[in-house]
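Architecture at a glance
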Amino acid sequence: MSNETDQETPATVGGDGDVLKSSSVPVHHQQQHHHHHHHHIMSTSVEEVDEQVLEVTQSTATVSSNSQVQKSYKNLHEFSEEMLETEKAGLVERVYDLERQVLEHKDEIVCLKSTLADVLRRLATIDNSYENSTSGSGRGGTGTPAGVGGGANAGAGALHAVNDNVSGTAQNSLSSKSFRFSRNTLTRLNSTVEEKRFGRVPSRVTSSPSRMKTNLAQKAIHYSNGSLHSDSMSSHSISPAPSPSPRQPNASASVNSHHALLASSGMGKRWSSTGDFISTPGSPSGTGSSGSMSRFSAKSLLNLSGNSSRQGQTHPYVQRKNDDDEYVKLYISGRPIVIHIPEAQLSTYELTKVQPAPNRRLRLDWAYGYRGKDCRSNLYQLPTGEMVYFVAAVVILYNMDEHTQRHYLGHTDDVKSLAVHPNKLLVASGQCGGHEGRDSLPHILIWNSVSLATLNMIGCGEFTGAINCISFSRADSGNILAAIDDSPDKIISIWDWQKKDGGRKITETKCSVDTVVAVEFHPLDKGQIITIGKNHIAFWSLDQHGMLYKRMGVFESFEKPKYVTAISFTQTGDVVTGDSSGNLAVWKRGTNVISRFLKKVHEGPVFTICALRNGGFVTGGKDGLLLLFDDALHMKAEQIVEAHFGAVRVVAQGKGSQLLIGTTKNCILSGDFTLSLVPIVMGHTDILWSLATHPQVAQFVTGGRDRLLQLWDSLSHSVVWSKDIGEPIHSVQISNGGDVIVAGGVGGRWSVFDIVTRELLATYTDGQEVLQCLQFSPDGNLLAVGSKDNCIYIYQCTKVAHRFSKIGKCTGHSSFISHLDWSKDSQILRSNSGDYELLYWNPTLCRQITSQSTVKNLEWATQNCSVSFETIGIWPENFDGTDINSVCKDGEEQFLVCADDFGKIRLFNFPASQPKSLSHSYKGHSSHVTSVQFMHDGVRLLSAGGMDTSVLQWRVV
């Protein structure tokens, strides 16, 4: 086998082409061997390959598994981070949403409580009217005090309960028991709240007078030359249609309400004006008032009896040497003025007699005007449906739906700032410095908008200048108050206003050397305050120890404006500001840097930014545009304010989509972005010099330095028409027929206008000086024109109402003509001048009458002259001759009213010929009162406020 195998080895070809011989092995054996060998090799290779493949597979699987795990971990980590971010964003969103809902619920609760308080006030008023009507019918209409009725006690107690809950002093939830009309329960609640909050318990009607009652009565008395001047009593005003004349209110009702108010520490029955808290019980009503005497009258008698030793002596500034002298000498500014005594009074006239004050009084009926020219943030909508704003020294609460006004009269001079507490019931108002006494120093008053009761006087004697900006804190329910005065350093001060006896100053520091236009607390972050003004926006932090820390706003690459002029907040707490360049900036909550900047939204300064309830904003600017933005500050709509109304000063949201717009020309408009804007309040914008009443209907005309001639309706309390005549107006008068208006200007020119069409009918010129006064004769045939050139020009009226024929010129005064009066028979004219002369004239001859026997017994159709026998008693001791600006009498010659440089109006009996003539004094104006005039019915009185640009309408009650 082996040999055969060796012999049959096949040959192969070598590498060099040589044929090589192999072993000689048989072919079939060779093939079999090759097959077995090949099978062995293949078996071994497959196993190895399988093992290798297995190893590789296992290795690959391991690597793949590790990679997948890592990838899974990475994906899981990224997913978890994404979930956390999403959850965080959602959480923040939910927190903001919860904050918004809480604020909305607070607003709803506040609205409900305010509405309830207003309802209680109205119920108390109705109860008061009912009690007075029953009291009047049972007692013959005398002005005896009435007890405090259940409705009034209910109103007072429930109101205090509301105040206590909403101000944070009592955090318990409101229960139905708190508002049951139970006299005992609510009276106890009232007392508890008062004692807890302000440390006093209101006295009841049957108890002895409280300290507050005594103080109020003492505060209501002003002595001047032995005269008694009681402060005003005024109430809310309801405006009927301009026909017919409204009825007089029941005076005894007013008296009884005042007694109830004092008895409950200012929270009683007739919550309509702060004047109600100053009056006294038992004031005579003027009809059947025998047996009743006001405390003022009693006080005056005590005062006079104390001075009885002076009776029989010569009066300090009025002298009559002998009892048979037919004249007296009135000394004004040291100058003696000889005034002759009418023959009918020669035998009975004595200097020592005292003329009592009138048994009727004045009540503020309506305040015309608004101060938007130089004040900001002074228009708010209250939940009770009233808007609150101010003019002069009066804060007005006006209900547009009912067309009624109520008045807060606690201030002694110009109101400059206003803020509403987060509970929407309390109001803070700041004033500038006044004329007399500690109460005339700059201060802030905190008062209740429903009861009109003053809760606290803040900072009297602490402020250097007027209070320009005030703001209640918002994140802590209004526990503190911020104020900035108009001192050189613009001091910012923080007050705990709830501390009795003037509050507690927490801290103060310098704010800025430049003008500061606003201060606002952050609505969500406690202790965060923002101030804005010239060259600055500052973010303040108030810590728990009462320290203020300041961070200035950083504009970075954005345009830095000269003024930051407006501020508001988004619902998420971001700050939105407007500036003098018309830009809007958004400052991220908690930072002092800008996160968003909108350029040139307005052409010129942005004066106001109003945050709407839906999260949007309304901006208003000097360009007269109102712009509506959504919560993302995308502009949605615009509205234009007509130029004659002025630029937009402030915007407040009214009911629903209604907007209230205060303008720089002292107007208030109402409307929205779909309807046109309607004026609801109009006024003058510069010094108001002249006022005249219509001789037949309830209308009057005014004119001032703003060149506006305006005709008003005193029943509807609205402007009939307004006309710019092109020059300042110093005097106005309506003709006896009521068909034309005569207006005197500054260059000796006077113009005649049609009272219906306001068309200019004619123009006349007399001299080159200011025309101080105009007066038609009672028969309507003559017109006297008093000029600053010391002359009186006399004109004949013709059958054509606007045509006048000049008769001549009366000369003889040594100073400008200040006042004119005609005798009732239209034959004699008398005049006063700037140096207190009293002269008489024959108008048809234009000659002076020097014979006193001819004129001293005359009766006069009007009483415009402040120096006359009938007005001796209006001159207090040490008064300067320029201090009294205007006087007038009513048509029935019962009352005499005078207006002075100190914003006061005084009511006397007519004539006030006794040096000691007692009067009632009323405040409301904050400037020199330039004119007073009775309406044709003798029931209503009008006063013009000079620099405060207001017209106040009073009612004799």
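Just so it is clear, the model here is predicted, and its values are computed rather than measured. (Residues numbered from 1 in each chain as written. Predicted model: local features only at pLDDT ≥ 70, side-chain atom pairs only at ≥ 80, totals over all residues. Heavy atoms only, no water.)

Here's the deal with the pattern of salt bridges
Applying the stated rule across the entire model yields 22 salt bridges. Residue Lys856 is joined to Glu326 by a salt bridge in which the shortest nitrogen-to-oxygen separation is 3.2 Å. With Lys856 in the loop between α8 (852-855) and β55 (884-889) and Glu326 in the loop between β6 (318-319) and β7 (327-332), this pair connects stretches of sequence that are 530 residues apart. Residue class for Glu326 comes out partly exposed when judged on its relative accessible area of 40%. A salt bridge links Glu462 to Lys505; its shortest N-O distance comes to 3.0 Å. Of the two residues, Glu462 is situated in the loop between β18 (454-458) and β19 (467-472) and Lys505 in strand β22 (residues 504-510); the sequence distance between them amounts to 43 residues. Here Glu462 falls in the partly exposed class, since its relative accessible area comes to 45%. Residues joined in a network through salt bridges with shared partners are Lys824, Glu859, Lys889 and Glu893. (Salt bridge = Lys/Arg side-chain N within 4 Å of Asp/Glu carboxyl O. Helix = DSSP H or I, 4+ residues; strand = E, 2+ residues; numbered from the N terminus. Buried < 20%, exposed > 50% of the residue type's maximum accessible area, 1.4 Å probe, protein only.)

A closer look at the sheet that holds strand β53 (residues 838-842)
Taken together, the four strands give an open sheet; going across it, the order is β51-β52-β53-β54, and neighbouring strands pair in antiparallel fashion. Looking along the sheet, the strands with just one partner apiece sit at the ends: β51 (817-822) and β54 (847-849). Along the sheet, successive strands turn relative to each other by an average axial angle of 35 degrees, direction set aside. Judged from the three bridges that link them, β53 and β54 form a sheet pairing that is antiparallel. (Pairing = 2+ DSSP bridges. Axes fitted to C-alpha atoms, helices over the stretch in contact; angles between N-to-C directions.)

What to know about the UniProt feature "repeat: WD" (unreviewed entry) in the protein chain
Mapped onto the present numbering, the UniProt feature "repeat: WD" (unreviewed entry) falls at residues 681-713, 810-842 and 922-957. Overall, residues 810-842 shows 0% helix and 52% strand. The separation of its end C-alpha atoms is 9 Å. (UniProt positions renumbered as here; feature names shortened; annotations may be inferred.)

With respect to the side chain of Arg361
The residue Arg361 is located in the loop between β9 (354-355) and β10 (362-368) in this model. Separated by 3.1 Å, the side chains of Arg361 and His920 make a polar contact. (Polar contact = N/O pair within 3.5 Å; in protein donor to acceptor, adjacent residues only side chain to side chain.)

Some thoughts on the side chain of His925
Relative to the elements of secondary structure, His925 occurs in the loop between β59 (920-923) and β60 (931-934). Polar side-chain contacts of His925 include one of 2.7 Å to the side chain of Ser943. A distance of 3.2 Å separates polar atoms of two side chains, one belonging to His925 and the other to Asp948. Ignoring sequence-local partners within four residues, the contact set of His925 consists of Ala392, Ala393, Gly903, Ile905, Ser943, Ala944, Gly945, Asp948, Ser950 and Leu952. (Contact = heavy atoms within 4.5 Å.)

With respect to the environment of Ser377
Secondary-structure assignment places Ser377 in the loop between β10 and β11 (380-381). By relative accessible area, which is 30% here, Ser377 ends up partly exposed. Sequence separation between Ser377 and Gly662 is 285 residues, and the spatial gap between their C-alpha atoms is 9.3 Å. Once residues lying within four places of it in the same chain are set aside, the contact partners of Ser377 are Leu418 and Val650.

Description of the sheet that holds strand β29 (residues 584-587)
Strands sit in the order β27-β28-β29-β30 across an open sheet of four strands; the sheet is antiparallel. Two strands in the sheet have a free side with no partner beyond their single neighbour: β27 (564-569) and β30 (594-598). The average undirected angle you get between the axes of adjacent strands in this sheet is 20 degrees. Relative to strand β28 (residues 575-579), β27 runs antiparallel, the two being bridged by five bridges. Residue pairing in the sheet places Ile567 in a bridge with Thr577 of β28.

Re the packing of aromatic side chains
Enumeration according to the criterion identifies 20 aromatic pairs in this entry. With a centroid separation of 5.6 Å and 55 degrees between ring planes, the pair formed by Phe539 and Trp587 is classed as tilted. Here Phe539 is found in strand β25 (residues 536-542), whereas its partner Trp587 is found in strand β29, with 48 residues between them in sequence. With 5.8 Å between their ring centres and 0 degrees between their planes, Phe700 and Trp712 make a pair best called stacked. Linking Phe700 in strand β40 (residues 699-704) with Trp712 in strand β41 (residues 708-713), this pair joins segments that are twelve residues apart in sequence. Like Trp712, Phe700 is buried. An aromatic cluster of at least three residues, connected via ring pairs, comprises Trp750, Tyr764, Phe776, Tyr795 and Phe804. One Lys or Arg, Arg649, reaches over the ring of Phe607 and ends 4.6 Å from the middle of that ring. (Phe/Tyr/Trp six-rings, centres within 6.5 Å; stacked < 30°, edge-to-face > 60°. Lys NZ or Arg CZ within 6 Å of the ring centre and 35° of its normal.)

Concerning the confidence of the model for the protein chain
Averaged over all residues, the pLDDT of the protein chain equals 79, while 72% of them reach at least 70. Low pLDDT, under 50, characterises residues 237-271; the predicted model gives this stretch 131 contacts beyond four residues in sequence or across chains. (pLDDT = per-residue confidence, 0-100.)

Overview of the nonpolar core
Membership of the largest hydrophobic core comes to 43 residues, with the highest contact counts inside it found for Leu362, Leu379, Tyr389, Val897, Leu941 and Trp954. Sort the elements by how many residues they give to this core and β10 lands first, with five residues. Residue contacts for Tyr389: discarding those within four places in its chain leaves Gly369, Tyr370, Asn378, Leu379, Val394, Val395, Ile396, Tyr398, Gln405, Leu418, Ile668 and Val681. Residues Val328, Tyr836, Trp875 and Ile884 belong to the second largest nonpolar core, which totals 24 residues. (Core = buried A, V, L, I, M, F, W, Y, C linked by side-chain atoms within 4.5 Å.)

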